[in-house]
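Coordinate analysis (summary)
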Amino acid sequence: ANQEFFNTFYKNICTELDVEKNINVETPDGVTIGKRSYKEIDYYFIQNFTNETVSITLPYKLINILNDEVFEYELNLEPYDSYICTKWLKLEEL
């Protein structure tokens, strides 16, 4: 099947059913952002399912929970890259 067909198909379904994005950003085709929550903390699973390097602009800072790397409003994903992140919080916000 044609990937472009599926991209359009799923975007139309999400628009028609008013499905909210997990993070309100535009993602390139082949990039997904899943979300799971635990004890009032949201965890974002950001995955690039393409063989191209892509970049997404973020509405706020995220921190990679695996190595504490902070992404300041932009995240670059290498081919088939993935990150597990949460919102970056200042100590006084905790």
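Residues numbered from 1 in each chain as written. Predicted model: local features only at pLDDT ≥ 70, side-chain atom pairs only at ≥ 80, totals over all residues. Heavy atoms only, no water.

**Structural notes on the pairing of strand β3 (residues 54-57)**
Alternating positions in β3 separate cleanly, Val54 and Ile56 being buried on one face and Ser55 and Thr57 remaining unburied on the opposite face. Here β3 pairs with strand β6 (residues 74-77) via 4 bridges, running antiparallel. Across the sheet, residue Val54 finds its bridge partner in β6, namely Leu77. (Buried < 20%, exposed > 50% of the residue type's maximum accessible area, 1.4 Å probe, protein only. Helix = DSSP H or I, 4+ residues; strand = E, 2+ residues; numbered from the N terminus. Pairing = 2+ DSSP bridges.)

**Side note on the pairing of strand β2 (residues 41-48)**
Relative to β2, strand β1 (residues 31-38) is paired through 8 bridges, and the arrangement is antiparallel. Its bridge partner being in β2, Thr32 is matched across the sheet by Gln47. Taking the residues that link successive antiparallel strands as the turn, the β1-β2 hairpin has 2 residues, and the phi of Lys39 there is positive, at about 50°. In this sheet, strand β7 (residues 82-87) lies alongside β2 in antiparallel orientation, the contact comprising 4 bridges. Across the sheet, Gln47 pairs through a bridge with Ser82, a residue of β7.

**A word on the pattern of salt bridges**
Following the criterion strictly, the structure yields 2 salt bridges and no others. A salt bridge links Lys61 to Glu72; the nearest nitrogen and oxygen atoms lie 3.6 Å apart. With Lys61 in the loop between β3 and β4 (62-64) and Glu72 in the loop between β5 (70-71) and β6, this pair connects stretches of sequence that are 11 residues apart. (Salt bridge = Lys/Arg side-chain N within 4 Å of Asp/Glu carboxyl O.)

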